[in-house]
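Tertiary structure, described
Residue strings, one per chain:
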Amino acid sequence: MTSLQGKVVFITGGARGIGAEVARRLHNKGAKLVLTDVDKSELAVMTAELGGDERLLTVVADVRDLSAMQAAADQAVERFGGIDVVLANAGISSYGSVRQIDPEAFRRVLDVNLLGNFHTVRATLPALIDRRGYVLIVSSLAAFAAAPGMAPYDVSKAGNEHLANALRLEVAHLGVRVGSAHMSWIDTALVRDTKSDLPAFAELLASLPWPLHKTTPVNKCAAAFVKGIEGRQDRVYCPGWVRLFRWLKPVLSTRVGERPIRKAAAELMPRMDAEVAALGRSSSAYNEALEKH
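Residues numbered from 1 in each chain as written. Predicted model: local features only at pLDDT ≥ 70, side-chain atom pairs only at ≥ 80, totals over all residues. Heavy atoms only, no water.

**Remarks on the packing of helix H3 (residues 66-80) against helix H4 (residues 103-131)**
Between H3 and H4, the shortest axis-to-axis distance is 7 Å and the interhelical angle comes to 25°. Between H3 and H4, the angle falls in the class roughly parallel. As for the relative orientation of H3 and H4, their crossing is right-handed in sense. Each of Leu66, Met69, Gln70, Ala73, Val77 and Phe80 in H3 lies in contact with H4, whose residues at this interface are His119, Thr120, Arg122, Ala123, Thr124, Ala127 and Arg131. Residue composition of the contact of H3 with H4, by class: seven nonpolar, four polar and two charged. (Axes fitted to C-alpha atoms, helices over the stretch in contact; angles between N-to-C directions. Helix = DSSP H or I, 4+ residues; strand = E, 2+ residues; numbered from the N terminus. Parallel < 35°, antiparallel > 145°, perpendicular 65-115°, else oblique. Left-handed = near helix turned anticlockwise from the far one by under 90°. Contact = heavy atoms within 4.5 Å. Nonpolar A, V, L, I, M, F, W, Y, C, P; charged D, E, K, R; others polar.)

Right, here's the structure in full:
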């Protein structure tokens, strides 16, 4: 296991949810943190919580903007001398079926979740190579098993798995290790907001077979991420049973594999689309407000 004492860790989406909880744990282990997010006020909260000491740099930056991510990486190197670890964590979701979703919302999910991770890696990779570092790209169980009503999220997370796989091959000879993180439902604002906005989604989640309907606390997910970073692991799973779905992936997209969810999807998708139409938005109120800002 690699000690994180004094290591420089660059985290996108670092102001809330999993990113913030990982930051807290790494700060307690003596790491130097670079937290990026689009929410200036939430970054200020993290600064106050962590004491705003010499081991913390916060940068307001949108992962969709490569130049902004490059500027954040440059600030990290200027402040701390380099970057040892990158957690490409920023992510959002959307509401509605492929035939009903706002096309701009579909594009936004891909831009944040997939292109945003590419921008993060592209901006920080020179510094990682200098220190023979480690990057953990956040994918999902969704890379192995699709969920109806979440096509943009599924597409982005499958793309992130392959981004990590390709990058691992490209930089192994340079001493850089690359991991992908795969989680089931985590008790973050993303899941809570979707359940609150769309009762049909909550029913769909409840209809999934065990253990797919269960949500995992953020602190358990963050602990798995930290362990993965310390071990420079190729893959991080949370909960541990998610690893089984990597090997079941060829079966899950067959008629047999899809059977448990097809009936529920047929009943609940029309309701979900009606609920999305009634909301008048294709993502959470929080994300819509950030986008307007």
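Once you've had a look at it, read on.
**A word on the sheet that holds strand S7 (residues 235-238)**
Ordered by their spatial adjacency, seven strands build an open sheet running S3-S2-S1-S4-S5-S6-S7, and the pairing between neighbours is parallel. Each end of this open sheet is capped by a strand with a single partner; those strands are strand S3 (56-60) and S7. Neighbour to neighbour, the strand axes of the sheet diverge by 15° on average, direction disregarded. Here five bridges tie strand S1 (residues 8-12) to strand S2 (residues 32-37), and the two strands are oriented parallel to one another. What sits directly across from threonine 12, in S2, is threonine 36. (Pairing = 2+ DSSP bridges.)

**Points about the UniProt feature "domain: Ketoreductase" (unreviewed entry) in the protein**
Under the local residue numbering, the UniProt record ascribes the feature "domain: Ketoreductase" (unreviewed entry) to residues 7-188. Note that residues 7-188 is 48% helix and 18% strand, and that its end C-alpha atoms are spaced 27 Å apart. (UniProt positions renumbered as here; feature names shortened; annotations may be inferred.)

**Focus: empty space enclosed by the protein**
Over the atoms, a rolled probe matching the size of one water molecule traces out where space is still vacant. Counted under the stated rule, the structure contains one cavity of 30 Å³ or more. Size it by volume and the largest cavity reaches roughly 30 Å³. Looking at the largest cavity, the residues that line it are Ser94, Tyr95, Gly96, Gly149, Met150, Thr194, Leu198, Phe201 and Met272. Of the residues belonging to the lining of the largest cavity, the class tally is five nonpolar, four polar and no charged. (1 Å grid on protein atoms, 1.4 Å probe; cavity = no way out; pocket = protein on both sides within 12 Å on 5 of 7 lines; lining within 4 Å. Points joined across faces, edges and corners; volume = space filled by probe spheres on them.)

**Quick look at the nonpolar core**
Grouped together as the largest cluster of nonpolar side chains are 33 residues, with contacts concentrated most on Val22, Leu26, Leu33, Met183 and Phe225. Setting aside residues no more than four positions away along its own chain, valine 22 makes contact with Ile11, Leu87, Ala222, Phe225 and Val226. (Core = buried A, V, L, I, M, F, W, Y, C linked by side-chain atoms within 4.5 Å. Buried < 20%, exposed > 50% of the residue type's maximum accessible area, 1.4 Å probe, protein only.)

**Details of the pattern of salt bridges**
On inspection of all chains with the given rule, the structure shows 17 salt bridges. A salt bridge links glutamate 161 to lysine 249; the shortest N-O distance between them is 3.3 Å. With glutamate 161 in helix H5 (residues 151-171) and lysine 249 in helix H9 (residues 242-252), this pair connects stretches of sequence that are 88 residues apart. Assessed through its relative accessible area of 7%, glutamate 161 is described here as buried. For lysine 249, a relative accessible area of 29% gives the class partly exposed. Residues joined by salt bridges that share partners form a network here, namely Glu21, Arg24, Arg25 and Glu49. (Salt bridge = Lys/Arg side-chain N within 4 Å of Asp/Glu carboxyl O.)

**Focus on the state of the cysteines**
If you walk through the whole model with that rule in mind, you get zero disulfides. Here cysteine 221 stays free of any disulfide, with the sulfur of cysteine 238 as its closest cysteine sulfur at 4.6 Å. Judged by its relative accessible area of 0%, cysteine 221 is buried. (Disulfide = S-S within 2.5 Å.)

**Some remarks on helix H6 (residues 189-197)**
Those residues of H6 that fall on the buried side of the exposure criterion are Ala189, Val191, Thr194 and Asp197. Where H6 is buried, its residues contact helix H7 (199-207), helix H10 (255-279) and helix H11 (285-292).

**Quick word on the side chain of serine 97**
By the secondary structure assignment, serine 97 is in the loop between strand S4 (85-88) and H4. In this structure the side chain of serine 97 is engaged in a polar contact, spanning 2.7 Å, whose partner is the side chain of aspartate 273. For serine 97, the contacting residues outside a window of four places in its chain are Met269 and Asp273. (Polar contact = N/O pair within 3.5 Å; in protein donor to acceptor, adjacent residues only side chain to side chain.)

**Things to note about the pairing of S3**
Pairing analysis gives five bridges linking S2 to S3, with the strands arranged parallel. Counterpart to leucine 33 in the pairing with S3 is leucine 56. The handedness of the S2 to S3 crossover, carried by helix H2 (residues 40-50), is right-handed. (Right-handed = clockwise from strand over helix to strand, strands pointing away.)

**Some thoughts on the packing of aromatic side chains**
Counting across every chain of the model gives two aromatic pairs. Relative to phenylalanine 201, the ring of tryptophan 185 lies with its centre 5.6 Å away and its plane at 80°, an arrangement referred to as edge-to-face. Here phenylalanine 201 lies in helix H7 and tryptophan 185 lies in the loop between strand S6 (177-183) and H6, a separation of 16 residues in the sequence. In this arrangement the basic side chain of arginine 246 is found over the ring face of tryptophan 247, its NZ or CZ atom lying 4.5 Å from the centre. (Phe/Tyr/Trp six-rings, centres within 6.5 Å; stacked < 30°, edge-to-face > 60°. Lys NZ or Arg CZ within 6 Å of the ring centre and 35° of its normal.)

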